[in-house]
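Below are the chains, spelled out letter by letter.
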Amino acid sequence: MTFRERSDHAQNHLARSILVLMEQKKSNLCVALDVPTWEEAVRILQEVGEYVVVVKTHFDTFPDWSPARGEQLKKLAALHSFIIVEDRKFGDIGNIIKSQIKAVFGWAQGATMHTICGEGSLEGVRMAVEEASDPSLARGVFLVSELSCAENLISAQYTKKTTELAIQYSSLVTGLVAQNPLLLKEPGFVQLTPGVSSKPGGDNLGQKYVTPRDAVLLKGGDLIVVGRAITQSPDPKDAARKMRNELWNAYAERVSD
Ligand code: 6AU
């Protein structure tokens, strides 16, 4: 099924928005905005904004982060038509996750979270969505069901349980962070797949990479996260354009089968 067709099956508003936007922008690229300074972040967004559907942040890596930065991000998102997802990978009890996600929803439409605390944490997300400043805005969470790094501690059972939680909370869950095709059949979830670079291999801290083509055609990724292969390229704009084309061609091949 195409992203457009799948958007009709999405139970979560943010999943629907992302699936529709992917088709509109002809892009399944999410850039990981992992750069050392805010100035560099803004410069890169101005260069790559037109090619990406989602910008994934780690706001706590910017030493001078403030709510004003969040407002600036929102303006850039409106200007270049992208969606902001904060990759804080929250993992606390419901009462805390509720406050953490509510704060992030002041400037981001989505957030990532671990499911280690189980149902209570998703009930916390439900409250955060209900209490968010503009409840009409599409919001949702990506649940981490698998990780890209070597020797991580996620088991097959944890992945299965996380998938069950996604189905149980489908109105709140935008999708799953995963390295393999999802265990669920519902087409309305977005598979977010990181660990992608033009050159397979990894870094010296356990990160593992597959190629853009394999991420889409073998691993089942819908929205593909690319960080350093773009942000550390001598020409981030050109790297984003090429990555967008390669990923979109792989998606087109997948849906043409
Ligand atoms: O392309 P890189 O290696 O420069 O950056 C990968 C980005 C980073 C990680 O925090 C993130 O992807 N990531 C994630 C998520 C949720 O996006 C999950 C995961 O399993 N591995 C991973 O690298 O911003």
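Keep in mind the model is a prediction, meaning the values are calculated, not measured.

Moving on, we come to the overall build of the protein. In terms of helices and strands, the protein carries 10 helices and 10 strands. Its C-alpha atoms give the protein a radius of gyration of 17 Å, within 12% of the compact-globule value 18 Å for 257 residues. In the protein, the proportion of contacts linking residues at least 24 apart, taken out of those at least 6 apart, comes to 68%.

This brings us to the pairing of strand 3 (residues 83-90). Of all 8 residues that make up strand 3, 6 are buried, and the element is covered over most of its length. Relative to strand 3, strand 2 (residues 54-57) runs parallel, the two sharing 4 bridges. Each residue of the ladder has a partner; that of T57, found in strand 3, is E86. For the crossover that starts at strand 2, traverses helix 4 (residues 67-80) and ends in the parallel strand 3, the hand is right-handed. With 3 bridges connecting them, strand 3 and strand 4 (residues 110-113) associate as parallel partners. Looking at the pairing, F90 lines up with M113 of strand 4.

The 8 strands lie next to each other as 1-2-3-4-5-6-7-10, forming a closed barrel whose pairing is parallel. Averaged over neighbouring strand pairs, the angle between their axes works out to 25° when direction is ignored. Summarising the sheet, strand 5 (residues 140-144) and strand 6 (residues 173-177) pair through 4 bridges and their orientation is parallel. Within strand 6, the residue paired with F142 across the bridge is G175.

As a matter of local geometry, the ligand sits amid 16 residues, with A32, S148, P194, G227 and R228 nearest to it. Looking at the shell around the ligand, the elements that each hand over two or more residues are strand 10 (223-226) and helix 9 (228-231). Each residue belonging to the shell around the ligand can be placed in one class, and the counts come to 7 nonpolar, 5 polar and 4 charged.

One can describe the packing of helix 3 (residues 38-48) onto helix 10 (residues 236-256) by two numbers: an axis separation of 8 Å at closest approach and a directional angle of 45°. Viewed along their axes, helix 3 and helix 10 adopt a mutual orientation that is oblique. Crossing hand, helix 3 versus helix 10: right-handed. Contacts from I44, E47 and V48 of helix 3 reach helix 10 at P236, K237 and A240.

With numbering aligned to this structure, UniProt lists the feature "active site" (unreviewed entry) at D87, K89 and D92. Here D87 shows up in strand 3. The exposure class of D87 is buried, given the 24 C-beta atoms found within 10 Å. Beyond its immediate sequence surroundings of up to four residues, D87 is in contact with K56, T57, H58 and T112. Among the secondary structure elements, K89 is positioned in strand 3.

So, on to helix 4. End to end, helix 4 covers 20 Å across 14 residues, agreeing with the expected 20 Å (1.5 Å per residue, within 8%). In the stretch just after helix 4, S81 is the one whose phi turns positive, near 55°.

Rules used in this analysis
Residues numbered from 1 in each chain as written. Predicted model: local features only at pLDDT ≥ 70, side-chain atom pairs only at ≥ 80, totals over all residues. Helix = DSSP H or I, 4+ residues; strand = E, 2+ residues; numbered from the N terminus. Rg over C-alpha atoms; globule rule 2.2 N^0.38 Å. Contact = placed C-beta atoms within 7 Å. Buried ≥ 20, exposed ≤ 12 C-beta atoms within 10 Å, placed from the backbone. Pairing = 2+ DSSP bridges. Right-handed = clockwise from strand over helix to strand, strands pointing away. Axes fitted to C-alpha atoms, helices over the stretch in contact; angles between N-to-C directions. Near = placed C-beta within 6 Å. Nonpolar A, V, L, I, M, F, W, Y, C, P; charged D, E, K, R; others polar. Parallel < 35°, antiparallel > 145°, perpendicular 65-115°, else oblique. Left-handed = near helix turned anticlockwise from the far one by under 90°. UniProt positions renumbered as here; feature names shortened; annotations may be inferred. Expected span 1.5 Å × (residues − 1).

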